[in-house]
Amino acid sequence: MIRFSINIHRGCFGGCSFCTISAHQGKFIENRSEESIITEINQVTGMPGFKGYLSDLGGPSANMYKMEGVDLKICDTCTRPSCIHPGICFNLNTNHQPLIELYRKVRKIKGIKKAFIGSGIRYDLFLRKQTHEHPSHKAYPEEIIKHHVSGRLKVAPEHTHDHVLKLMRKPSFSYFEKFYTLFKKIDAANGGKQQLIPYFISSHPGCKMEDMAELAVKTKEMNYRLQQVQELTPTPMTLSAVMYYTGIDPYTVTKLHTTQNSDDKKDQNRFFFWHKREEQAQIRRLLHKLNRKDLLNLLLPGHSVQHKRR
């Protein structure tokens with residue numbers, strides 16, 4: 001992927017609790033000029049083995065290119081760890097038009113058949129209500145879904161429960177559902193062969209076993225059999241690591257449920273794979289232990305009856 005990918009900016013103002021990008025690349029976006037980007041693409045087109053496909057045209061979050069504060073003096077004194085959580089800052093300009101114009105210029109470069117967006121995108125940047133609304137918020141998803149998806153577009157809702165997402169500094173799952181509907185609509189109008197691939201995390205502070213079971217049911221209802229998943233790694237310099245090791249939300253000084261036992265971590269993670277036969281016996285065991293036969297009937301219909309007969 002890296003050999004034929006183009007990095008157009010660095011930094012991230014998302015401030016996700018589990019991520020270190022803002023710590024080692026900075027909260028403010030550093031943008032490459034269009035001239036620099038196009039010069040590199042022209043060089044890539046002449047590389048041995050290049051067949052006309054850029055694997056990525058993005059950055060830590062693909063659609064933060066040329067976004068910054070409307071009044072940079074306000075940014076100079078701002079202490080918010082995230083410009084988009086719990087809501088999008090009134091001072092943030094989320095105009096996607098410069099990015100759309102860059103995409104269109106890249107598509108015209110001789111030797112480029114497709115320029116894919118391999119980095120994840122932040123759908124809340126164009127779906128959430130904000131002070132600086134712009135026509136590009138509607139145009140951007142249509143642009144990428146029509147022209148820049150390799151077959152799969154990556155996004156990272158991370159969880160389905162808002163109380164967990166709040167601790168992650170991620171937007172409500174309702175925004176993913178909204179984007180899921182929009183993606184399907186635009187894709188259907190253009191042939192309907194592409195997939196929206198979500199990333200999820202298990203065992204984040206605040207996430208209980210029951211939350212993972214409900215996540216599994218929710219994603220099953222959306223016809224997902226998840227693959228792009230991970231168990232939380234409490235990385236140094238992150239808020240999630242602080243919550244994981246202390247069991248406390250430092251902002252509210254309230255106790256949190258944390259999953260540190262390796263067996264409990266495995267049990268949380270296995271809910272991602274409810275569709276695998278080798279995991280179903282353990283999932284049945286966990287749901288009976290939780291006394292959530294309602295979730296068992298939704299996740300593995302008929303299995304609760306079989307369990308009783310045994």
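Preceding this section is the structure that the text describes.
Attention here is on the structure that accompanies the text. Since we're looking at a predicted model, the values are computed, not measured.

1. Remarks on the overall build of the protein
Item 1. Scanning the protein from terminus to terminus reveals 14 helices and 13 strands.
Item 2. Here the C-alpha atoms of the protein give a radius of gyration of 21 Å, agreeing with the 19 Å that 2.2 N^0.38 yields for 310 residues.
Item 3. Across its three principal directions, the C-alpha atoms of the protein cover 65 × 45 × 35 Å.
Item 4. Evaluated residue by residue, the protein yields a buried proportion of 50% over its 310 residues.
Item 5. Long-range contacts, defined here as pairs at least 24 residues apart, represent 74% of the contacts in the protein between residues at least 6 apart.
Item 6. Accessible area of the protein: about 15600 Å², with a carbon and sulfur share of 51%.
Item 7. The distance from the centre of the 47 positive side-chain charges to the centre of the 29 negative ones in the protein is 6 Å.

2. A word on the packing of helix H4 (residues 97-107) against helix H6 (residues 136-147)
Item 1. In the contact formed by H4 and H6, the axes pass within 9 Å of each other and the chain directions differ by 30°. Relative to H6, the element H4 lies roughly parallel. As for how H4 packs across H6, the hand of that crossing is left-handed. Judged by residue contacts, Gln97, Leu99, Ile100, Tyr103, Arg104 and Arg107 of H4 engage Ser136, Ala139, Tyr140, Glu143, Ile144 and His147 from H6.
Item 2. Residues of the contact of H4 with H6, tallied by class, amount to six nonpolar, three polar and three charged.

3. A word on the nonpolar core
Soluble globular proteins tend to pack their nonpolar side chains together in the buried interior.
Item 1. With 67 residues, the main nonpolar core has Leu57, Ile121 and Phe271 as its most contacted residues.
Item 2. Beyond its immediate stretch of four places on either side in the chain, Phe271 contacts Met209, Met212, Ala213, Ala216, Ile283, Leu286, Leu287 and Leu299.
Item 3. Grouped together as the second largest cluster of nonpolar side chains are eleven residues, Ile29, Cys83, Cys89 and Leu125 included.

4. So, helix H11 (residues 262-270)
Item 1. Burial in H11 covers these residues: Lys265, Asp267, Gln268, Asn269 and Arg270.
Item 2. On its buried face, H11 is in contact with strand E10 (195-202), helix H9 (209-221), strand E11 (229-231), helix H10 (239-246) and helix H12 (277-289).
Item 3. Of the residues flanking the start of H11, the one acting as N-cap is Asn261, its side-chain oxygen 2.8 Å from the backbone nitrogen of Asp263.

5. Structural notes on unusual backbone geometry
Item 1. Across the junction of His85 and Pro86, the peptide omega takes the value 5°, indicating a cis bond.
Item 2. Not every positive phi belongs to a glycine, and Glu158 is a case in point at roughly 75°.
Item 3. By the secondary structure assignment, Glu158 is in strand E9 (residues 152-158).
Item 4. Phi at Met237 is positive, roughly 80°, even though this residue is not glycine.
Item 5. Among the secondary structure elements, Met237 is positioned in the loop between E11 and H10.
Item 6. Residue classification places Met237 among the exposed positions, given a relative accessible area of 70%.

The rules behind each value
- Residues numbered from 1 in each chain as written.
- Predicted model: local features only at pLDDT ≥ 70, side-chain atom pairs only at ≥ 80, totals over all residues.
- Heavy atoms only, no water.
- Helix = DSSP H or I, 4+ residues; strand = E, 2+ residues; numbered from the N terminus.
- Rg over C-alpha atoms; globule rule 2.2 N^0.38 Å.
- Buried < 20%, exposed > 50% of the residue type's maximum accessible area, 1.4 Å probe, protein only.
- Contact = heavy atoms within 4.5 Å.
- Areas by Shrake-Rupley, 256 points an atom, 1.4 Å probe, with all protein chains shown as cover.
- Lys, Arg positive; Asp, Glu negative; His and termini not counted.
- Charge placed at Lys NZ, Arg CZ, Asp CG, Glu CD.
- Axes fitted to C-alpha atoms, helices over the stretch in contact; angles between N-to-C directions.
- Parallel < 35°, antiparallel > 145°, perpendicular 65-115°, else oblique.
- Left-handed = near helix turned anticlockwise from the far one by under 90°.
- Nonpolar A, V, L, I, M, F, W, Y, C, P; charged D, E, K, R; others polar.
- Core = buried A, V, L, I, M, F, W, Y, C linked by side-chain atoms within 4.5 Å.
- Polar contact = N/O pair within 3.5 Å; in protein donor to acceptor, adjacent residues only side chain to side chain.

All we've got here are geometric facts, nothing functional implied.
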